[in-house]
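Coordinates in review
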Amino acid sequence: MTDTSTPPAGADAEELLNPLRDPRDRRLPLIAGPSSMVMFGVTGDLARKKLLPAIYDLTHRGLLPPSFGLVGFGRRDWSDDDFADYVRKSVSEHSRTGFSESVFEQLRGGLRFVTGTFDDSAAFEKLTEVVGELDRTRGTGGNHAFYLSIPPDAFPKVLTQLANSGLNTPRDGSWRRAVIEKPFGHDLASARELNDVVEKVFRPEDVFRIDHYLGKETVQNILALRFANQLYEPVWNAGYVDHVQITMAEDIGIGSRAGYYDGIGTARDVIQNHLLQLLALTAMEEPVSFRASDLRAEKEKVLSAIELPEDLGAHTARGQYVGGWQGGEEVRPYLEEDGIPADSTTETFAAMRLDIATRRWAGVPFYLRAGKRLGRRVTEIALVFKRAPFLPFRSTDTADLGQNAIVIRVQPDEGVTIRFGSKVPGTQMEVRDVTMDFAYGMNFTEESPEAYERLILDMLLGDPPLFPRQKEVELSWKILDPITDYWAQNLKPAPYRPGTWGPDTAHEMLARDGRTWRRP
Amino acid sequence: MITTLTDTTASAIDKKMIEMRETFGANTIGRVLTLIIIATGDIEEPLEAAVSASHEHPARVLVVDAEPGAEESGLDAEIRVGRDAGAGEIVILRARGEIMASLDTLVMALLLPDAPIVTWWPESAPSSPIHDVLGSMSQRRITDAAACSGPIATLKRLRRGYSNGDSDLAWSRLTRWRGLVASAYEVPPVTAPKQVQVSGSAENPSVALMAAWLSHSLGVDAEIVEPTGEASDIAGVHGVRLIREDGTIDLTRVSDDAIVLTLPGDDSGQHVTMPRRSLNELLAEELRRLDPDEVYGEVLASAFSGIDDFGTYASGKPVATDQVLPDADAVALAAAETAASQLAAALAQRSAAHLVVTGGTVGTKTAQALPEALAAAGVDTARLHIWWGDERFVDRESSDRNEVGVRASLLEPLQEAGMPARNIHVVPSPADGMSLDEAAAWYGQQLDIAGGDEPFRTRGRAFFDVLMLGVGPDGHVASLFPEHRDQRQVGASAVAVTNSPKPPAERISLTWPVLNSARHVALLVAGAEKAEAVAAAHGDIDPWPVPASAVRGLESTTWFLDTDAASQLSR
């Protein structure tokens, strides 16, 4: 796994010298050092449903220091107690590990709330005082993370205020970190602009971009599967692989995200970050170590080797769901969702073919698809292999034999499936596709930590491998920008029925290459 | 679902499991390990923990529920799959009687191919898990000192028998505590503590390990302080204090769920949730990593001092006495009569008595005299067990074998007098299909099964009632030779001896702790050529140059000597 081979890059020198932390002592939980987190946008959906519960769950698992402080910043005229009630409500509804009064009491001691707007300098002065008070009374040691769970257009204000109040500047031996959520811009230009704003105030190594997808165990498992085994790597190339399909399907609609989603669409929402990251992990060369910089180097290399199809019309597809019955439930068309203009041309389904110009992958198309209101909720990476060059059977014997495949199931039901041909028992000679499954039981309380828990903990520990850097973000936009530009000019989303695998154009797109989408 | 098989075999169980899988549909989740649970008491609690842990680590669970003392030998089994087994599958093996002699072959057919094996003793830890018949097959051996009678004594025995891959739940119970202490250490400004205290009962193995861990890592002696008042009710580690220049960092358990952390200059105390860990959590943690826990090994080693001097096993017992008799025949007769009366006394108190016999001229003569002496003393031979102190690893019928030397004179008459064949614990020969090492391990395991292994490694306890030994002219006893490296092996109950100075070269011998686990020791010596060795062995206990000086009985040690052998004694 990525967190094992190297000491956290950002860890303080004395932390590494702690004689109680023997690197061979693999039982000892990595508990975050003394620190606090200041959260902007604490009343938002994400904070309420994911971030606050993740912090509570980390506390429950004993992975946050007893001194941990959590400061909410917002417009509401709340006292610390009001804020505590809000946090209690949020975690009792959404925590993964179950609500316990005792755990909450531990968290409660470090809860603070600062009332103010983003352009209110006095409020930031108050914030500076509160953070200083935490350092003095709780022992948070001057280590503070600023979680910007706010729309990107509010970044400049908040960051400027942080800079003016000096909150971005660590004292000796302590750290200040900024956490930002996707989207990291909506195209290359805006991503650069956003980054300029952030990196003016925080050093690049102190900026943590949260992509909760990369917290998933199985994404790390891709690294283990590929690089810890001898079995797969020899066939992990154009000599054996026919093509690769990466799918991220959701069976739900856009829900309450209309305000954000419309005008952004599936490609920018998930392909730019999640699917391209999965592609990079699948296609990259072996990193020389699992150090963050080495891992990033390989991901950046493979992203920069991606080539777009010449005819974007023939090798991409775009769709929008219509209304109807989906799996026993009547659902609204995208154009009638709350807050969506009736003439919206935002896509809810996107598919594209990408090629990788490297010796390993030349001639092996990577097909990416993602969408809302598809057949089921699933994320997977399927490597579909070439057929055996010669089959010493009668052709009728192998009529049911498809192509071998290795499928990495990212979610749900994380695991690996291998599809291969086997003789049907009792028949004279008939070969048919069968599948072999592996799944680690993941429903144990200590395990399967929510992605946000892992990411927040890694951020507090200063362990960066799972966090994308600006260069990767920019490379992804370079891949996506020409496609979204082309779509804006030439390609309207094709309608598709909810609960299906996207519009016909997606199927035609693969048919043109003589292939079909796998049914996940 | 649950299926029960009575009077069955491992192969029938294996077949049944495949049948169940075919009939009721495959559970396609891959199993990652085989977990063997050695049950001595209630099996449901450990099983529940195993089922719960199987959600994280899909496992095949084999529960060995053994009754070695049973009259009838036999095997019943219960197979649980599906809802009754969590994400795993469970086989409960109820083994009776002589099946225990080959416990390894009982589980062999039921192990998952290639997958790692973990053996867990929820109670009754073996002294040296690696030398246990199942432990030796396992990558990971889990004990629970706290669940044994005499937890600290158990931990000490585990320390002596430690091998990479061992671990103990007393250590896993500390994981969250240790994490918390490690992060408390990092409270700024970080300075090394000049004094460390662990509060808790010194009789608690987790407390001992916590203190050892802190001393070992910090290089400061951690002092164990008994908690007082109400606090004394709290089991396990009650608190840890790191005393630094700038003040004291104090962690104290205030309830089953919580700890209060007090920092220098802050008296208010921070509340930290730390519930006691359930057995499920402990087991799941143990199964997470199957490589050796080196830190545990080092901490355990530093928790207690080791025994470097094997003379320790013999020390602190009554001094040896001499019986000097005219000749070898008189020595044999006296030794036989003494042994017979000691065995009769033993059987009056206990259900079984254990006699260790020996070879050699006097040993064989004594064996010849025994049947009559035992009959005269009224010993119930059906309740008597015969063991050997050492044996030559040669052909079963070879006259070099100690067993062959007493077969006609002792074993046959005793069997005629009602001793069941299974009471005669013959050391294996090459004809039994084992290598020398395997044979030694097997014999040691038979002793451990019969004796529960604890008496062999606990001072003041004994397993054998009478142990007879000859003494060589070089002063060797059993097959422990002077200045021979194999006498240094004390981890197992029996050791393979190679390159013996006296032919044949390959032998199996009981080890120091086991030879010193008898109530009465009889050293049988005749002949002038041994006089020097006898005299040397009457000096200080010193096993390396003079092995014969280092075996003592808990109640008595008697030298049965003829006048020649006693000739150099200064008296």
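Throughout this document, residue positions are counted from 1 along each chain, in the order its sequence is written. Lettering for chains starts from A, numbering for ligands starts from 1, and both go in the order in which the items are written. Since the coordinates come from a predicted model, pLDDT governs what is reported: local features require at least 70, and pairs of side-chain atoms require 80 or more to be given and counted, while whole-chain, interface and lining totals use all residues.

The next point concerns the overall build of chain A. Secondary structure is summarised from DSSP: a helix means a run of H or I of at least four residues, a strand means a run of E of at least two, and numbering begins at the N terminus for each. Check the secondary structure of chain A and you find 15 helices and 18 strands. Its C-alpha radius of gyration of 24 Å places chain A within 12% of the 24 Å reference for a compact globule of 520 residues. Reported as C-alpha extents along the three principal axes, the dimensions of chain A are approximately 80 × 60 × 40 Å. Once C-beta atoms have been placed from the backbone, residue pairs whose C-beta atoms lie within 7 Å are recorded as contacts. Of all intrachain contacts in chain A linking residues separated by at least 6 positions in sequence, the fraction that spans at least 24 positions is 78%. We compute the radius of gyration from the C-alpha atoms alone; for a globule the expected value is 2.2 Å times N to the 0.38, where N is the number of residues.

With that settled, consider the overall build of chain B. From N to C terminus, chain B includes 15 helices and 23 strands. Here chain B has a C-alpha radius of gyration of 27 Å; the compact-globule value for 571 residues is 25 Å, and the two agree. Overall, chain B is about 85 × 70 × 40 Å in size when its C-alpha atoms are taken along their principal axes. Counts of 20 or more other C-beta atoms within 10 Å of a residue's own C-beta define buried residues, counts of 12 or fewer define exposed ones, and intermediate counts define partly exposed ones; C-beta atoms are placed from the backbone. Residues classed as buried in chain B amount to 51% of the 571 residues present. By sequence separation, contacts in chain B at least 24 residues apart represent 75% of the contacts at least 6 residues apart.

As a further point, take the interface of chain B and chain A. By a widely used convention, the size of an interface equals the accessible area lost when the partners come together. In this assembly, 38 residues from chain B lie in contact with 39 residues from chain A. Mapped onto the side of chain B that touches chain A, the elements with two or more residues apiece are helix 6 (175-185), helix 7 (205-218), strand 13 (258-263), strand 14 (266-273), helix 8 (279-288) and helix 9 (294-303) of chain B. For the side of chain B that touches chain A, the leading source of residues is helix 6 of chain B, giving 8 residues. Under the scheme applied, nonpolar residues are Ala, Val, Leu, Ile, Met, Phe, Trp, Tyr, Cys and Pro; charged residues are Asp, Glu, Lys and Arg; polar residues are all the others, including Gly. Taken together, the residues of the side of chain B that touches chain A break down into 17 nonpolar, 11 polar and 10 charged.

Met39, Tyr147, Leu148, Val179, Leu275 and Leu368 of chain A are the most contacted members of the largest nonpolar core, which totals 121 residues. Of all the elements, helix 10 (residues 265-283) of chain A adds the most residues to this core, at 10 residues. Setting aside residues up to four positions removed in sequence, Leu148 of chain A forms contacts with Phe40, Phe155, Val158, Ala178, Val179 and Ile180 of chain A. Here, a nonpolar core means buried Ala, Val, Leu, Ile, Met, Phe, Trp, Tyr and Cys residues linked by C-beta atoms lying within 7 Å of one another. By size, the runner-up hydrophobic cluster in this structure holds 90 residues, among which are Ala66, Leu155, Tyr185 and Leu287 of chain B.

A word on the sheet that holds strand 12 (residues 247-253) of chain B. Residue and element names in this part refer to chain B. Strands are treated as partners if at least two bridges between them are detected by DSSP. Spatially, 6 strands are ordered 10-9-11-12-13-14 in an open sheet, and the strand pairing comes out mixed. Pairing within the sheet leaves two strands with one partner each, and these edge strands are strand 10 (222-225) and strand 14. Between one strand axis and the next, the sheet turns through 15 degrees on average, direction left out of account. In the sheet, strand 9 (residues 195-199) pairs with strand 11 (residues 239-244) via 5 bridges, with the strands oriented antiparallel. Lines fitted to C-alpha atoms define the axes, with helix axes restricted to the stretch in contact, and inter-axis angles between N-to-C directions lie between 0 and 180 degrees.

Here we come to the pairing of strand 13 of chain B. Residue and element names in this part refer to chain B. By the alternation rule, side chains of strand 13 split into Ile259, Leu261 and Leu263, which are all buried, and Ala258, Val260 and Thr262, of which none is buried. By the bridge criterion, 4 bridges tie strand 12 to strand 13 in an arrangement that is antiparallel. In the sheet register, Thr252 faces strand 13, and the bridge partner there is Val260. Counting the residues that bridge the hairpin from strand 12 to strand 13 gives 4 residues. In sequence, strand 13 turns back onto strand 14 through a hairpin of 2 residues, with Gly265 there showing a positive phi of about 75 degrees.

Looking at chain B, the domain boundaries give domain 1 (2-168), domain 2 (175-273) and domain 3 (325-562). Relative to domain 3 of chain B, the C-alpha centre of domain 2 of chain B lies at a distance of 50 Å. Segmentation into domains, and thus their bounds, comes from an automatic or database assignment.

The next subject is the environment of Trp171 of chain B. Residues and elements named next belong to chain B. Secondary-structure assignment places Trp171 in helix 5 (residues 169-172). Take Trp171: there are 29 C-beta atoms within 10 Å of it, and that puts it in the buried class. The sequence separation of Trp171 and Ala208 amounts to 37 residues, and the corresponding C-alpha distance is 9.7 Å. Among all residues touching Trp171, those that are not within four sequence positions of it are Leu209 and Tyr296.

Let us now look at helix 6 (residues 155-164) of chain A. Residue and element names in this part refer to chain A. Residues of helix 6 that are buried include every one of Phe155, Val158, Leu159, Gln161 and Leu162, and no others. Buried residues of helix 6 fall within an arc of 160 degrees about the axis and therefore sit on the same side. Where helix 6 is buried, its residues touch strand 1 (36-40), helix 5 (121-137), strand 4 (144-148) and helix 7 (188-201). What the arc covers is the set of directions going from the helix axis to the C-beta atoms.

Residue and element names in this part refer to chain A. Their axes nearest at 10 Å, the elements helix 11 (residues 292-304) and helix 14 (residues 470-490) cross at an angle of 15 degrees. Overall, the two elements helix 11 and helix 14 adopt an arrangement that is roughly parallel. Of the two possible hands of crossing, helix 11 and helix 14 adopt the one that is left-handed. Packed against helix 11, whose contacting residues are Arg296, Lys299, Glu300, Leu303 and Ser304, the element helix 14 presents Lys471, Glu472, Leu475 and Ser476 at the interface. For the contact of helix 11 with helix 14, a count of residues per class yields 2 nonpolar, 2 polar and 5 charged. Under this scheme an angle from 65 to 115 degrees is roughly perpendicular, one under 35 degrees roughly parallel, and one over 145 degrees roughly antiparallel; angles in between are oblique. It is the rotation of the near helix from the far one that decides the hand of a crossing: anticlockwise by less than a right angle makes it left-handed, clockwise makes it right-handed.

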